[in-house]
Amino acid sequence: MDTLLLWVSVLASLLEAFAQTDLTGKVFVFPRESSTDHVTLTTHLEKPLQNFTLCFQAYSDLSRSYSLFSYNAQGKDNELLIFKENVGVYTLYIGRTKVTAKAAEDFPSPAHICASWESSSGIAEFWVNGKPLVRKGLRQGYSVEAHPKIVLGQEQDFYGGGFDRQQSFVGEIGELYMWDSVLSRKEILDVFHGSPVPKPNILDWRALNYEIKGYVIIKPLVWD
Ligand SMILES: *[C@@H]1O[C@H](CO)[C@@H](O)[C@H](O)[C@H]1NC(C)=O
């Protein structure tokens, strides 16, 4: 690498470090229904994922179905998607295949949600408010493609776009973390109680690289 290129890349990584924000105690508020408002999350995932855990808090009073977390890869729609079908009905898509799990839930009420998946067994887990839902399996042996576009607030029908207002999220999202491993029961409960250990190495609410597009507002968390 020549010196100029080296400095350019040093500068780029510095800028990136500055772009990370600690959102502890805050949430994204998606205050209206639209087919445009969303947040993109940036991560540097270079290798396909064999295992992951994703946790976040969400509060919505929508009674239709909606997207909670939309991860597309280039040319691969619904590579990893968390979709809420109905009150207490959670769907996880891995590589365009889906499983559904059901939780006893009040409506409307804030939920702490974790979803994990392990390629070697295909087992998918949902945890809602610290309680495990019945495990299902899908896509055993698959790997989730790297270099994602990750979108909150809308569901992608192609890489970074193709939104549908009927699948948009209206409500509040916070405390989002993602790991490239399957967390144990104890670790999930620690996250639920507010201490994400081990350190989230894909997405970390305390050092988040995000971009708001449209009408999405950051506000203090008031419902936890
Ligand atoms: C994924 O998890 C399996 C079993 O839990 C483990 O054997 C494997 O090494 C993990 N893969 C990666 C890339 O961490």
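Whatever comes next refers back to the structure up there.
Computed from a prediction, not measured in an experiment: that's the story for all the values here.

(A) Molecular detail of the packing of aromatic side chains. Under the criterion given, the structure shown has nine aromatic pairs. Between the aromatic rings of Y90 and F126, the centroid separation amounts to 5.7 Å while the plane-to-plane angle is 40°, which identifies the pairing as tilted. Here Y90, found in strand 7 (residues 89-94), pairs with F126, found in strand 10 (residues 123-128); they are 36 residues apart in sequence, far enough to count as distant. Its relative accessible area of 0% is what places Y90 among the buried residues. Within the aromatic cluster, the residues linked to one another by ring pairs are F28, F30, Y66, F169, W205 and Y210. Just above the ring of Y142 sits the side chain of R139; from NZ or CZ to the centre is 4.2 Å. Sitting over the ring of Y159, K149 keeps its end group 5.1 Å from the ring centre.

(B) Up close: the nonpolar core. By size, the foremost hydrophobic cluster in this structure holds 56 residues, and its most contacted members are F69 and L92. In this structure F69 touches L54, L80, L81, I82, I150, V151, L152, L176, M178 and L203, once residues within four positions along its chain are discounted.

(C) Just the side chain of S67, in detail. Structurally, the position occupied by S67 is in strand 5 (residues 66-73). Excluding residues that lie within four positions of it along the chain, S67 makes contacts with L81, I82, F83, Q154, E155, Q167 and F169.

(D) Layout of the site of the ligand. Around the ligand, a shell composed of Q50, N51, E118 and S120 is seen. At a separation of 2.6 Å, an oxygen atom of the ligand approaches a polar side-chain atom of N51. With the chains in place, 38% of the 360 Å² that the ligand exposes on its own is no longer accessible. Looking at side-chain class alone, the shell around the ligand contains no nonpolar, three polar and one charged residues.

Rules used in this analysis
Residues numbered from 1 in each chain as written. Predicted model: local features only at pLDDT ≥ 70, side-chain atom pairs only at ≥ 80, totals over all residues. Heavy atoms only, no water. Phe/Tyr/Trp six-rings, centres within 6.5 Å; stacked < 30°, edge-to-face > 60°. Helix = DSSP H or I, 4+ residues; strand = E, 2+ residues; numbered from the N terminus. Buried < 20%, exposed > 50% of the residue type's maximum accessible area, 1.4 Å probe, protein only. Lys NZ or Arg CZ within 6 Å of the ring centre and 35° of its normal. Core = buried A, V, L, I, M, F, W, Y, C linked by side-chain atoms within 4.5 Å. Contact = heavy atoms within 4.5 Å. Near = heavy atom within 4 Å. Polar contact = N/O pair within 3.5 Å; in protein donor to acceptor, adjacent residues only side chain to side chain. Areas by Shrake-Rupley, 256 points an atom, 1.4 Å probe, with all protein chains shown as cover. Nonpolar A, V, L, I, M, F, W, Y, C, P; charged D, E, K, R; others polar.

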